[in-house]
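An overview of the molecular structure
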Amino acid sequence: MLIALASVIGPRFLSTQVTQLQSPLSPLVIPPATPVPVPSPLVVMSYLSTSLNQNTGTLKHVANTGGVWTVSTVDNSMNFIAPTAVAADRSGNSHVAYRSDETNPNVKYATNASGAWVISIVDTNGTLGTNSALALDRAGNVHITYYDRIRKDLKYATNTSGTWVTTTVDAKGDVGLAASIVVDGDGRVHISYRYATG
């Protein structure tokens, strides 16, 4: 299994092979120039709660602020079990990226920044959202990376312009699983991911 790294160089991503590993990829960590403060203590998680036959499910969010766990429903139209990605901004609001369901496998994004969960569709072009990863920059903009299961490509989306803009980062072979994403202090995006073939 090859590990690759994609970083923004000028107006585009540059992808390079890093190493070959036998074990799963660990999360990529690139410390920002100035850490983004968040309320402390703050722990946020997202997970899928399904019925016994797993034909229906609900995406849940749980947060621990001040030692109290609070559970809320993000999306109750799920019918597919897939990993979710979650991050908290400096105000303590949560941001979640996930695959919608098996019938309409889109990439979705949800946030409770307004006080209630608001859901938007990020990308509908493909069988998307497997192994999503999410990061916030210092301005609070959202950056999501995810795997296109049909095309076997690594994709990236951001709302820095005010609307969702998607980009194919790497399409050379089967690439994009086990991705991690960070944004450094200068706003540059860095993605590490599995490079299976290519």
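Residues numbered from 1 in each chain as written. Predicted model: local features only at pLDDT ≥ 70, side-chain atom pairs only at ≥ 80, totals over all residues. Heavy atoms only, no water.

A look at the sheet that holds strand β10 (residues 130-136)
Where we set the bar: For two strands to be treated as a pair, DSSP must find no fewer than two bridges joining them. For helices the rule is a DSSP run of H or I covering at least 4 residues; for strands it is a run of E covering at least 2, with both sets numbered from the N terminus onward. To obtain each axis, a line is fitted to C-alpha atoms, and for helices this fit is confined to the stretch in contact; angles are then taken between N-to-C directions over 0 to 180 degrees.
An order of β10-β11-β12-β13 is seen for the four strands of this open sheet, with the pairing classed as antiparallel. Single-partner strands in this sheet number two, and they are β10 and β13 (165-170). For this sheet the average axis-to-axis angle between neighbouring strands, irrespective of direction, equals 20°.

Let's talk about the side chain of Asp 123
How we decide: In protein, a polar contact requires one atom able to donate a hydrogen and another able to accept it; more generally it is a pair of N or O atoms within 3.5 Å, and residues adjacent in sequence count only if both atoms are side-chain atoms.
Within the secondary structure layout, Asp 123 lies in strand β9 (residues 118-123). Polar side-chain contacts of Asp 123 include one of 2.6 Å to the side chain of Tyr 146.

Describing the packing of aromatic side chains
As a reminder, the rule being used: Working definition: a ring pair exists when centres of Phe, Tyr or Trp rings (six-membered ring for Trp) sit within 6.5 Å. Plane angles under 30 degrees give stacked, over 60 give edge-to-face, the rest tilted. Residue exposure (1.4 Å probe, protein chains only): buried if accessible area is under 20% of the type maximum, exposed if over 50%, otherwise partly exposed.
According to the stated counting rule, one finds one aromatic pair in the structure shown. Between Tyr 109 and Trp 164 the ring centres are 5.2 Å apart and the planes differ by 65°, which places this aromatic pair in the edge-to-face class. With Tyr 109 in strand β8 (residues 107-111) and Trp 164 in the loop between β12 (153-158) and β13, this pair connects stretches of sequence that are 55 residues apart. Accessibility expressed as a relative area gives 7% for Tyr 109, which makes it buried.

Description of the confidence of the model for the chain
Segments scoring low in pLDDT should not have their predicted coordinates read at a detailed level. Under the convention used in this document: For every residue, the predictor states its confidence as a pLDDT score lying anywhere from 0 to 100. The contact rule is simple, with two residues in contact once any of their heavy atoms fall within 4.5 Å.
Summing up the model confidence of the chain, the mean pLDDT is 77 and the portion of residues at 70 or higher is 68%. Between residues 16-41, whose pLDDT stays under 50, and residues either more than four places distant or in other chains, the model counts 53 contacts.

So, unusual backbone geometry
Non-glycine residue Lys 152 carries a positive phi angle of around 60°. In this structure Lys 152 comes out as partly exposed when scored by relative accessible area, which is 37%. The phi dihedral of Ala 178 is positive, around 55°, even though this residue is not glycine. Mapping Ala 178 onto the fold places it in the loop between β13 and β14 (180-183).

Let's talk about the sheet that holds β8
Read across the sheet, four strands follow the order β6-β7-β8-β9 without closing on themselves; strand pairing throughout is antiparallel. The strands lining the two open edges of the sheet, one partner per strand, are β6 (85-88) and β9. In this sheet, adjacent strand axes meet at a mean angle of 20° when their direction is disregarded. Where β8 meets β9, five bridges bridge the pair, whose relative direction is antiparallel. Residue pairing for β9: Thr 111 is matched across the bridge by Val 118.

Overview of the nonpolar core
Put simply, the test is: The nonpolar core is taken to be a set of buried Ala, Val, Leu, Ile, Met, Phe, Trp, Tyr and Cys residues, with the residues joined through side-chain atoms within 4.5 Å.
Core analysis: the biggest nonpolar cluster contains 13 residues, and Leu 154, Tyr 156, Ile 181, Val 189, Ile 191 and Tyr 193 have the highest contact counts within it. Looking at this core, the elements that each hand over two or more residues are β10, β12, β14 and β15 (189-195). Sort the elements by how many residues they give to this core and β15 lands first, with four residues. Ala 87, Leu 134, Leu 136 and Ala 157 belong to the second largest nonpolar core, which has twelve residues in total.

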